[in-house]
Structures are given as structure tokens and as C-alpha cells.
Amino acid sequence: MKLRIKLILLFALSITSIIFVYNDYFLYSTPIVKITNIEEEKHDNIKEEYYNQIITGIIQNGKYKDNVIEIKNKTSKSGVYDEQIHKNTEIFVELSNNGTIANSIIGIKRDKYIVILLVIFIDLILTVSNKKGIKSLLSLLVNIIISIISIIIFKNNYKSINILILYLLVAVLFIILSLYITNGKSKKTLSAIISSIISLLISFSLSFLIIKLFGKDISFWTMEYIEVIYDYENFFYVSILLCGLGAIMDISITISSALNELIEKNPKIKVPILIKSGKEICKDIVGTMNHVMLYTCYSSIIPIVFLALRNGMIIANAISFYGNLELITILTACISIVLAIPISLYISIYILKGGRK
Amino acid sequence: MITILSMILFFLLLITGKSRGTKTFVTFFLSTFLIITYIILISLGMNAIILALIVCILASCISLFMLNGYNLKTLSSFISIMIVLVFITILTYTIGKLSNIQGFSSDSVETIGAFSYLINYDMTKVIIGMYLICVIGTIIDTSISVSSSMNEVLENNPKINEKELYKSGMNVGGDILSTTINTLFFAIISSFIGFFMWHRNSPIENIINHKVFTQTVIELLLSFIASILIIPITSYISSKILYKKDLIKDE
């Protein structure tokens, strides 16, 4: 019965938040226009079709609410760089002349799609695993808050702070808080935290050293947002540091909880047996973990390499221009995953078994 | 640089995993090759969504059958992955079509400035394909973890009934969930600091509705949703398949 009330409450809350985000125009200071009508004029270029649109829409917020307005837009079939506007799309515009003329389209209102997916995610996690779901959500929330704070600290002091040192400290904070929140206070958590930190430091110093020694041929110019980053080399190290962080935590908590389980069932278990079963557990995770890293990170190069190939760039060039930095990040993350195994294994045995001798 | 790092990875895998390590390394590079082939084929004009689904099926075959061998565990994982893939494709397609997140934003004008934008290929399809390939890794990982631990439970207590087996799968799934969410969060967010530096003076309402922000957050949420969805489905399918096998063996 109680569960049913909870589910109804969750459902009601979800619906309310979706309705809210569909009507949250009052939160915005930029004028929003909801499109009611589109007139299109088709043009045939040599390469592809493009359209000149005359869009009519109603302003939804601000001083000129309910005014009808006309805007011109140009859109193409492929939509590499333009906005494809349809009926009912909501756009941000810049108004002039007492709200009767729209100068330009600033962007599209996309917040509702994020909220819809967020609602699906929260509903699913709470129905699939109730208590653990709340813990996971809490640790995710804490991680997001730490990320935001660290970005604010960095953006206010980017000339004086070394981004690498800042994020090394932040990474340690990430490890301690998220493992503590999801696993509670116990010896298991302590050993997972210590082994994560040590694995992170060792594997990161190794990657750092290798790239410093052999990485003279790395070209950073394809890195996104390079224009605003003064210290782009350290910035690249930060993305290496963060990319494998979650995976290292995953390995160390898996090992320490498995070993804890074994020791609790049989307190007299010998160290060599523990090492052997720890290695057995890891054999199963390492392969698929490497694949997670590969598919999750390497997929992000698809649009840019695709565009380059469509423009007639040679495959090998396109991949090494736009994919090399990503591949280096993935490989270092995989190396830290593999390194994390023996490190967590020995540290966990030392901490869990040490007290019982 | 790539060669040096690959060699180090290969060496480490060989020490820790012996023959299994070599297999991991080979499948890793096979998967890299798969993604590159995918980009080449869609640039020749093939349908990006259908091809992405084929890549996902091949990727599951590589990770499940090549890496973990062909058995009932991997078979039930494979079936579950296919079911989740159907759900995720529908969700990704709807969101991708509606939310206007195709292509590039003005942030990357320096990078793409040299190219012609008239490429005669709908970029919406490319981004939907990218999302599908992005989530497949985590679906496979979660699914195989759940089904192999269920197999372990069944082997240790053969008298367990089907419902309890399902419950143990859900239980393990809940344990994996928080670490999976962490792994995905850091893997996807690690390249995001630059975006915030670029927009450090923009108001928050512009950031939330920005194309790059929406692209990344949708990617993150889709992979979270996929990795949750796979847990009950794998638990259910594995409990059916593994339990049946056990009955057959008894008779």
C-alpha cells in the first residue's frame, strides 16, 4: 500500500514538472517566440536543397507578450550549422523597434527535452532500485555540485590557478564523497577510497610521464574551445584525469566489496587465495570496462569526422586530426583501469586483513 | 603516441590477464575499427541509424561471444540487450528529431570553418546514430555483470526458485548502478570544462538551452536510462533461461 502511494506521488510529481517546463516562459528574460506558421521557399543549390523560411510566431513572455511577429530564417536539408525550425518550435529572438521586428534568432528552447529525460531517468532509477537508487542519485547530485563549484572557482581565477592542481584536489574529493555516500562508513569503503586515490595518482603520473616524454607529436589545435584555454596542455591532462576516474572507483569498490565478502564468510582465509579470487573477479570486468570507455568516448568524434569525410578529406587524416586526442584519453583511461586492479587488490587485502591478524 | 600507449596497454593486459588479456586487446581494437568503419560507411551515404543498430549488434557479439564465450549467460545478455536497444532507439529517435540538436554550434566555427556545410546528408541521423553507439558499451557491461552474477548465485544454491533468482539479479543490478552512473558521468563530463570556460560570462538561461550543453546532457541521460533499463530486463530473461537450463540438467 505504502509503495503504491509513493508511486502515485512520483508519477504526479513527474507530470507536474513536465507541464511546468512546457510553460516556464516567465523564467526567461530573453523573448521566446512560439512558431505558428512557416512559409518556405525552396532553392536548389548545385550540392543540396536549402530553404528560405518566413516564420510567423507569437511572443510568449516579457513586455511584448502575445505580439505576432515575423522572422526570416535560412535552413538546409543537412542542418550542419543552421537551425531547422518547424511548427511549434520555440525560439529565442532579439527584438527591436518596440517588439515589432525580430532582428535575429538567438537559439532554440531545448530545456523541456532535458527535463523529460531527467524525469524518465529519476522515475526509472527509483522504481528499479528504491533505496540504492536514492543513494546513487544523491552521489550524482553531489558530484554535479562539486563540478559546478570547481568550474566557478576556476573561471574566476583562471589566470592564477593551475587547473591541473585544482582538479587533482577535486578528484580526491569526488572519490571520497561518492564512495562514502553510496557505501556508507565501513572498512570496505575506507579501503576502496584509499585504493582509488593511490591508483589514480599512480596511473595518472604514468600517463603524464609518457605523454611528457613521447608526446611531442601531439597537436592540440583540434581541441575544442582551445581559444579560451590558456593552459591547454594542462587542460588536456585534466580531461585524462577525469575520464578514467569513475572507472577506477568502479574497480576498487568491486574488489574491496568482493574481498570483504570472502573475509567475512571465512575470516581464516589465506592471502594467496584472496589474491587469486580477486584476480578472477577482475578478469571478468576489465574487458567490458575497456569497451565502455571506448564506445562512450570514441563515439563523440563521429559528427566531426563524418563532416570531414563528406568534404573529401582522406580517412587517415580525418581520424588522426579529430580522433587522436580522444583515443589518447581512452587509452590512458584503459591503462588506469588495468593498473587499478593489482593496486586495489593489495591495498584492500592489507586494510581488510591487516586488522584481524 | 597512440602506438606507445597501445603497447603499454597490451603489455599490462598480458601481465594481468594472460590469454584473456590478449583477447581483450584484440576485441578492443576490433571495436575501434568498427566505429571507424561506421563513419566511413555513413559518409558514403548509407543510413546512419540503421547502420548504427548493426554496429550495436556486432559490438554486442564482439564483447559477449568473443570476449566471454558462447554460453547461456551471454545468450541471455544478448537477448536482453536487443530488447533494450529497441526501447532506446525509439526514445533516442523521438528526442533527437524533436530537440534540434543536429550538427554543430557557433562554438565550433573555428574547427569546422574550413568545411562546406552543404553536405546533402541529414545530420539528425548522424547524432542519433552517435547516441546509439555511445550507450551500447554500458548496456553490454551492466547486462553481463548481472547475468554472470545470477549464474554464480544459481550454481551456489541450486535449490533457489525462479523468483528469488530474479530478485538476486535486481539486487546485484542496484549495486552496480551507482558505480556505472559514476563511470559514465566522469567519462562524458571530462571534456565539458572547456564549454563552461567559453560561456563563462553567459547567463544561465543561455547555457541550459545551448546546443552543445543539450547534446552532452542528453547523451549522459540516455546512457543512464539505458543502463537502468537493462537491469530488470536482464534479470527477467536470465532467470527464465538459466532456470530452465537447471531443470533440464536435473531431469
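Residues numbered from 1 in each chain as written. Chains lettered and ligands numbered in written order. Predicted model: local features only at pLDDT ≥ 70, side-chain atom pairs only at ≥ 80, totals over all residues.

> Give a description of the overall build of chain A that names residues and reports values.
A count of helical and extended segments in chain A gives ten helices and five strands. Projected onto the principal axes, the alpha-carbon positions of chain A cover approximately 80 × 65 × 40 Å. A buried classification covers 41% of the 357 residues belonging to chain A. Taking the intrachain contacts of chain A between residues at least 6 apart in sequence as the baseline, contacts between residues at least 24 apart amount to 66%. (Helix = DSSP H or I, 4+ residues; strand = E, 2+ residues; numbered from the N terminus. Buried ≥ 20, exposed ≤ 12 C-beta atoms within 10 Å, placed from the backbone. Contact = placed C-beta atoms within 7 Å.)

> Report on the overall build of chain B, specifying residues and quantitative values.
Counting its regular elements, chain B contains ten helices and zero strands. Its helices and strands in sequence order give chain B the pattern α-α-α-α-α-α-α-α-α-α, from N to C terminus. Classification of the 251 residues of chain B by burial places 54% in the buried group. Here the analysis covers contacts within chain B between residues at least 6 apart in sequence; of these, 81% occur between residues at least 24 apart.

> For the nonpolar core, give the residues involved together with the corresponding values.
Note that soluble globular proteins tend to have their nonpolar side chains buried in a common cluster. One finds Leu-117, Met-293, Val-305, Ile-337 and Val-338 of chain A together with Ile-133 and Ile-225 of chain B to be the most contacted residues of the largest nonpolar core, which totals 160 residues. With 21 residues, helix H10 (residues 315-354) of chain A is the largest single contributor of residues to this core. Discounting chain neighbours no more than four positions away, the residues touching Leu-117 of chain A are Ile-95, Ile-218, Leu-221, Leu-222 and Ile-225 of chain B. (Core = buried A, V, L, I, M, F, W, Y, C linked by C-beta atoms within 7 Å.)

> Can you lay out the domain arrangement of chain A for me, pointing to particular residues and giving the numbers?
Domain boundaries assigned for chain A yield domain 1 (26-112) and domain 2 (130-354). On a C-alpha basis, the centres of domain 1 of chain A and domain 2 of chain A stand 42 Å from each other. (Domains from an automatic or database assignment.)

> Lay out the interface of chain A and chain B with the relevant residues and their values.
On the chain B side, the residues contacting the 101 residues of chain A number 101 residues. A total of 15 residues in the side of chain A that touches chain B trace back to one element, the largest contributor, which is helix H8 (residues 271-298) of chain A. Looking at the side of chain A that touches chain B, its residues break down into 55 nonpolar, 29 polar and 17 charged. (Nonpolar A, V, L, I, M, F, W, Y, C, P; charged D, E, K, R; others polar.)

> Give a detailed account of the sheet that holds strand S3 (residues 68-76) of chain A, specifying residues and quantitative values.
The strands making up a sheet are joined through hydrogen bonds of the backbone, oriented either antiparallel or parallel. All names here are of chain A. Ordered in space as S3-S2-S1-S4-S5, the five strands form an open sheet in which the pairing is antiparallel. Strands at the two margins of the open sheet, each flanked by one partner only, are S3 and strand S5 (101-108). Shown here is a sheet whose adjacent strand axes are inclined to one another by a mean of 40 degrees, direction ignored. Pairing of strand S4 (residues 90-96) with S5 involves six bridges; the strand directions are antiparallel. Note that in S5 the partner of Val-93 across the bridge is Ile-105. (Pairing = 2+ DSSP bridges. Axes fitted to C-alpha atoms, helices over the stretch in contact; angles between N-to-C directions.)

> Explain the pairing of strand S2 (residues 49-59) of chain A residue by residue, including any values.
Taken together, the eleven bridges between strand S1 (residues 32-44) of chain A and S2 of chain A define a ladder with antiparallel strand orientation. Considered in S2 of chain A, the bridge of Asp-44 of chain A is made with Glu-49 of chain A.

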